[in-house]
Amino acid sequence: MAVGKKSTHKNAARSRHLIKQAFAQLLNEKDIAKITVTDIVERANISRGTFYAHYLDVYDLYAAIQSNIVEAIDETIDEVGMDNIILDPSEVILTSIQFLEKNKSYYKLFLTSSHGEKLIQRIISLAEEKFTHEIERLIPAEEAPEYICHMYYTLGGIRNILIHWFMDSMGLSTEQCAALLAKFYHANKSEKLCEKIKAKQAEKEQ
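Residues numbered from 1 in each chain as written. Predicted model: local features only at pLDDT ≥ 70, side-chain atom pairs only at ≥ 80, totals over all residues. Heavy atoms only, no water.

Participant: Sorry if this is basic, but what is going on with the side chain of S15 here?
Facilitator: Here S15 is to be found in helix α1 (residues 3-27). Owing to a relative accessible area of 13%, S15 belongs among the buried residues under this scheme. S15 has contacts with T50 and H54, leaving out every residue within four places of it along the chain. (Helix = DSSP H or I, 4+ residues; strand = E, 2+ residues; numbered from the N terminus. Buried < 20%, exposed > 50% of the residue type's maximum accessible area, 1.4 Å probe, protein only. Contact = heavy atoms within 4.5 Å.)

Written out as structure tokens, the structure reads:
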């Protein structure tokens, strides 16, 4: 990459960061419907042209923030594989939390705003979708509802712990939070489902 292009790339990344940071702060002050592009550019100390070079409007910015977070977690899940995550989610939990930790001050503002619940639910829905697909692939249809309900129960607990971690209400480090989430998951995971996954993996190795 040429020097000029590197500089342009860095400036664009910095502009997007300033825009998102300003937006997150504003979300904690008023509803998204009352936030204007003018509010954002004044808070970020950038021009309107810089904002429109990256986003169509406030809702496009909001959608982009959600998508960036969800896509990053989705990629991590796919890299590790659902079979491996169900057996031991320690790696994906730690990786996901470390990703959020890098920009915790920003994500905390976004997640604890009035619209943070929607983002959290989108992340949980992604996990639920992938778990459900794996369960339906391995478990007979008549038995699947029990496993799916068990999964909803487990993910609900993980969701609540993550929210409190973001609020710093427990004083846990990234590693401590990840370790506890993995511990609680193992204490509540479906052993029957794990056995079916292990059996499938053993068949592939033969």
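Participant: Looking at this structure, I do not really get a negative patch on the surface. What am I missing?
Facilitator: Where like charges cluster on the molecular surface, the negative patch consists of E71, E75, E79, D88 and E91. With three residues, helix α4 (residues 58-80) is the single largest residue contributor to the negative patch. Here E79 lies in helix α4. Looking at E79, the relative accessible area reads 67%, which means it is exposed. (Patch = residues over 30% accessible without salt bridge, like charges linked within 9 Å, V, L, I, M, F, W, Y side chains within 5 Å. Areas by Shrake-Rupley, 256 points an atom, 1.4 Å probe, with all protein chains shown as cover. Salt bridge = Lys/Arg side-chain N within 4 Å of Asp/Glu carboxyl O. Lys, Arg positive; Asp, Glu negative; His and termini not counted. Charge placed at Lys NZ, Arg CZ, Asp CG, Glu CD.)

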